[in-house]
Amino acid sequence: MTLRDKLAAQRIYLLLGGLFITSLVVSNLIFQKFFYWYPIDIEFFDTKLFEISVGVLPYPITFLITDLISEIYGKKRANDVVVVGIFASLFSLLIIHVSSLVPATSWSYVDDKMFNTVFGNTSIAVFASMITYLFAQFIDIQIYHFWKRLTFGRYLWLRNNFSTWFSQFIDTFTIVFLLCSFGIIEWQNFKGLVLSGFLFKVIIAACDTPFLYFGVYLFRKRFRLKVNQEIDLL
């Protein structure tokens, strides 16, 4: 690979990392709003399918990006992005905490009460999300590369979906469990939210498979990569 190609690959890696971190931080900030999507009129454990947090909308993007980075740049680069995402989440938590301490002016459009209503539980959410995110993402990367080694780089759809489904279940179960434990969500909604959140993420994971194939195709064509070949940025 020429120096020009390596520089291009480095820029793309930074862009993917930026999208990953943005999706992660935003999902932690908007989680308190819940929305509904009723493709079918059905209830599970007294909760309609689907009634889920808007935080799940950007969150699956992080798994698509880590799968793409794992496929093209390797396991170490994927883990690096995960670690950077952790520091970004902690830094955003620090900024929110400092912002909540300073008093609002009398003419401020957003007063202290409104600010604390929107962001008051963010520290708890980020803490809970950090635990689940760290655990789920590393599991996703481990399972992805396990299937990649087992299939010698073939059957991309298999490792993409299997790794994401398993890690997303762990993520959904743990985050809802912690939010219920902290009193942010009522325990009576626990089973329904876990099931709705997991099924929604399974659908998203299945839908993002063509995008992963397309991304891998573009990388292999641009950098003339063979099946199972990874880019070494060093």
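Residues numbered from 1 in each chain as written. Predicted model: local features only at pLDDT ≥ 70, side-chain atom pairs only at ≥ 80, totals over all residues. Heavy atoms only, no water.

### So, the pattern of salt bridges
When charged atoms on two side chains of opposite charge get close, those side chains can pair. This is how the line gets drawn: Each reported salt bridge corresponds to a side-chain nitrogen of Lys or Arg within 4 Å of a carboxyl oxygen of Asp or Glu.
Under the definition given, this model contains six salt bridges. Several salt bridges converge on common partners, so that one network encompasses Asp5, Arg222 and Arg224.

### Structural notes on helix α6 (residues 156-181)
Definition in use: Only DSSP runs of H or I covering at least 4 residues are called helices, and only runs of E covering at least 2 are called strands; the numbering of each starts at the N terminus. In this analysis, the expected span of each helix is defined as 1.5 Å times one less than the number of residues it contains.
For α6, with 26 residues, the first-to-last C-alpha span of 37 Å sits near the 38 Å given by 1.5 Å per residue. Remark: glycine 183 follows α6 within two positions and exhibits a positive phi of approximately 80°.

### Things to note about the environment of phenylalanine 135
Here is the rule we go by: In this scheme, a residue with accessible area under 20% of its type's maximum is buried, one over 50% is exposed, and one in between is partly exposed, where area comes from a 1.4 Å probe on protein chains only.
Along the chain, phenylalanine 135 falls in helix α5 (residues 122-150). Here phenylalanine 135 falls in the partly exposed class, since its relative accessible area comes to 48%. C-alpha separation for the pair phenylalanine 135 and leucine 199, spaced 64 residues apart in sequence, amounts to 19 Å.

### As for the nonpolar core
We apply this condition: What we call a nonpolar core is a set of buried Ala, Val, Leu, Ile, Met, Phe, Trp, Tyr and Cys residues that are connected through their side-chain atoms within 4.5 Å. Two residues qualify as a contact provided that any one of their heavy atoms is within 4.5 Å of a heavy atom in the partner residue.
Core analysis: the largest hydrophobic core is formed by 29 residues, its most contacted members being Ile69, Ile72, Tyr73, Phe219 and Ile231. Elements represented by at least two residues in this core include exactly α1 (3-29), α2 (59-73), α3 (75-101), α5 and α7 (190-223). Sequence-distant contacts of tyrosine 73, that is, excluding residues within four places in its chain, are made with Ala9, Ile12, Tyr13, Leu16, Phe219, Glu230, Ile231 and Leu233.

### Observations concerning the packing of aromatic side chains
Let me state the cut-off plainly: Pairing of aromatic side chains requires ring centres within 6.5 Å, counting the rings of Phe and Tyr and the six-membered ring of Trp. Pairs whose planes differ by under 30 degrees are stacked, by over 60 edge-to-face, and all others tilted. Look at NZ for Lys and CZ for Arg. If either is within 6 Å of the ring centre and within 35 degrees of the ring normal, a charge sits over the ring.
In the structure shown here, the tally under the stated rule is 12 aromatic pairs. Geometrically, the ring pair formed by tyrosine 13 and tyrosine 73 is tilted, given 5.2 Å between the ring centres and 55° between the ring planes. Residue tyrosine 13 is found in helix α1, and its partner tyrosine 73 is found in helix α2; the two are separated by 60 residues along the sequence. Judged by relative accessible area, which is 8%, tyrosine 13 ranks as buried. We classify tyrosine 73 as buried; its relative accessible area is 4%. With centroids separated by 6.4 Å and ring planes inclined at 75°, the aromatic side chains of phenylalanine 177 and phenylalanine 190 adopt a geometry described as edge-to-face. Within this pair, whereas phenylalanine 177 is found in helix α6, its partner phenylalanine 190 is found in helix α7, the two being separated by 13 residues in sequence. On the basis of relative accessible area, phenylalanine 177 is assigned to the partly exposed category, the value being 37%. Three or more aromatic residues joined by ring pairs make a cluster, and in this case those are Phe169, Phe173, Phe177, Trp187, Phe190 and Phe198. Its end group placed over the ring of tyrosine 13, arginine 77 keeps NZ or CZ at 5.5 Å from the ring centre.

The values reported here are purely geometric and, on their own, carry no functional implication.
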